[in-house]
Amino acid sequence: MPIDQPQNDPATWCGIILAGGAASRLGGVNKALKHYRGKPLITYPLSVLAQTCSEIVISANRDLEKLSAFGCPIFTDQTTGFQGPLEGIKASTRSSAANYFLILACDMPHIEREQIASLQRALTSNQSLDAALYCTHESWQPGLMAVTASAAQSLQIDRSLKNRSLKAWLGHLNTEVIPEARSELFANLNRPADFGAAR
């Protein structure tokens, strides 16, 4: 897959698509492969990350053969039973040589390049930061975030982070929270009605 990383950013960015959940509110259907507006949902994060990252990987725990058709390395959790996104991030960053990671949930098709580029600028312009993400109406939006390699490494070595939520992990880090008024950008598709409304 050709990747067009911004020319003014010398840092190495790895995009991680989180597609390893159980999708219980969809009856267990793999939402990454479910069609939205005529194409698989995972193609939306693939498209926007291809414009902003030097490599892309997918965190997934099933339908691995089907997902491999999208041309990205796939990493499965080292634990069983769909333990949450932190396990996916941990598995996907363990062997990466990237300086930074851009993490995007597979069910957020409305994210645009500018939202990603702003997170990248925030993180690379302030070396004291570990992470950056958006908030809408004072609510954090951890479905899209940027983290440093050292922050990702903390998942490998800090046992106290086990079973924490994304928000709890980010609260453990030096995180910049960027206000964004357009909450619709962060809408995620969780239920059958979310897909049927825009067929």
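One structure accompanies this document, and this report is about it. (Residues numbered from 1 in each chain as written. Predicted model: local features only at pLDDT ≥ 70, side-chain atom pairs only at ≥ 80, totals over all residues. Heavy atoms only, no water.)

**A look at the overall build of the protein**
Rule in force here: Only runs of H or I of at least four residues qualify as helices and only runs of E of at least two qualify as strands under DSSP, and these elements are numbered from the N terminus. Throughout this description, buried means an accessible area under 20% of the type-specific maximum (1.4 Å probe, protein chains only), exposed means over 50%, and partly exposed covers the range between. Here, residues are in contact when the closest pair of their heavy atoms is within 4.5 Å. For the area figures, the Shrake-Rupley method with a 1.4 Å probe applies, and any residue is considered shielded solely by the protein chains shown.
For the protein, the count of helices and strands is seven helices and nine strands. Buried positions account for 49% of the 199 residues belonging to the protein. Considering only contacts in the protein between residues 6 or more positions apart, those separated by 24 or more positions represent 71%. Accessible surface for the protein amounts to roughly 9,500 Å². Of this, 48% is attributable to carbon and sulfur atoms.

**Remarks on unusual backbone geometry**
Even without a glycine there, the phi angle at R37 is positive, about 55 degrees. With respect to the helices and strands, the residue R37 is situated in the loop between β2 (35-36) and β3 (39-40). Of note in the backbone geometry, H137 takes a positive phi value of approximately 50 degrees without being a glycine. By secondary structure assignment, the location of H137 is in the loop between β7 (131-136) and β8 (139-148). Looking at H137, the relative accessible area reads 65%, which means it is exposed.

**With respect to the environment of C53**
Relative to the helices and strands, C53 is located in the loop between α1 (43-50) and β4 (55-60). On the accessibility criterion, C53 (0% relative accessible area) is buried.

**A look at the state of the cysteines**
Worth spelling out the cut-off: Disulfides are defined as pairs of cysteine sulfur atoms found within 2.5 Å of each other.
Counted by the stated rule, this structure contains zero disulfides. You can see C14 has no disulfide; the closest cysteine sulfur is in C53, sitting 7.1 Å from it. A relative accessible area of 1% means that C14 is categorised as buried. Note on C72: no disulfide assigned, nearest cysteine sulfur contributed by C14 at a separation of 9.4 Å.

**Some remarks on the nonpolar core**
This is how it is decided: What makes a nonpolar core is a set of buried Ala, Val, Leu, Ile, Met, Phe, Trp, Tyr and Cys residues whose side-chain atoms join them at distances within 4.5 Å.
By size, the foremost hydrophobic cluster in this structure holds 35 residues, and its most contacted members are W13, I17, L49, L102 and L144. Among the elements of the structure, β1 (13-19), α1, β4, β6 (100-105), α4 (113-124), β7 and β8 are those that each provide at least two residues to this core.

**Considering the pairing of β4**
Going by this rule: We treat two strands as partners when DSSP finds at least two bridges between them.
In terms of burial, β4 is a largely internal element, five of the six residues being buried. Both β1 and β4 contribute to a ladder of six bridges, which runs parallel. Its bridge partner lying in β4, I16 is registered against V57. Both β4 and strand β5 (residues 74-75) contribute to a ladder of two bridges, which runs parallel. Residue I58 lies in a different strand from β5, and its bridge partner there is I74.

**A few points about α4**
For an α-helix, 3.6 residues make a turn, and residues three or four places apart therefore share a direction. As a reminder of what qualifies: One fewer than the residue count of a helix, multiplied by 1.5 Å, yields its expected span.
Taking 1.5 Å of rise per residue, the twelve residues of α4 would be expected to cover 16 Å, and the 16 Å separating its terminal C-alpha atoms lies within 8% of that figure. Residues of α4 that are buried sit in contact with β1, α1, β6, β7, β8 and β9 (175-179).

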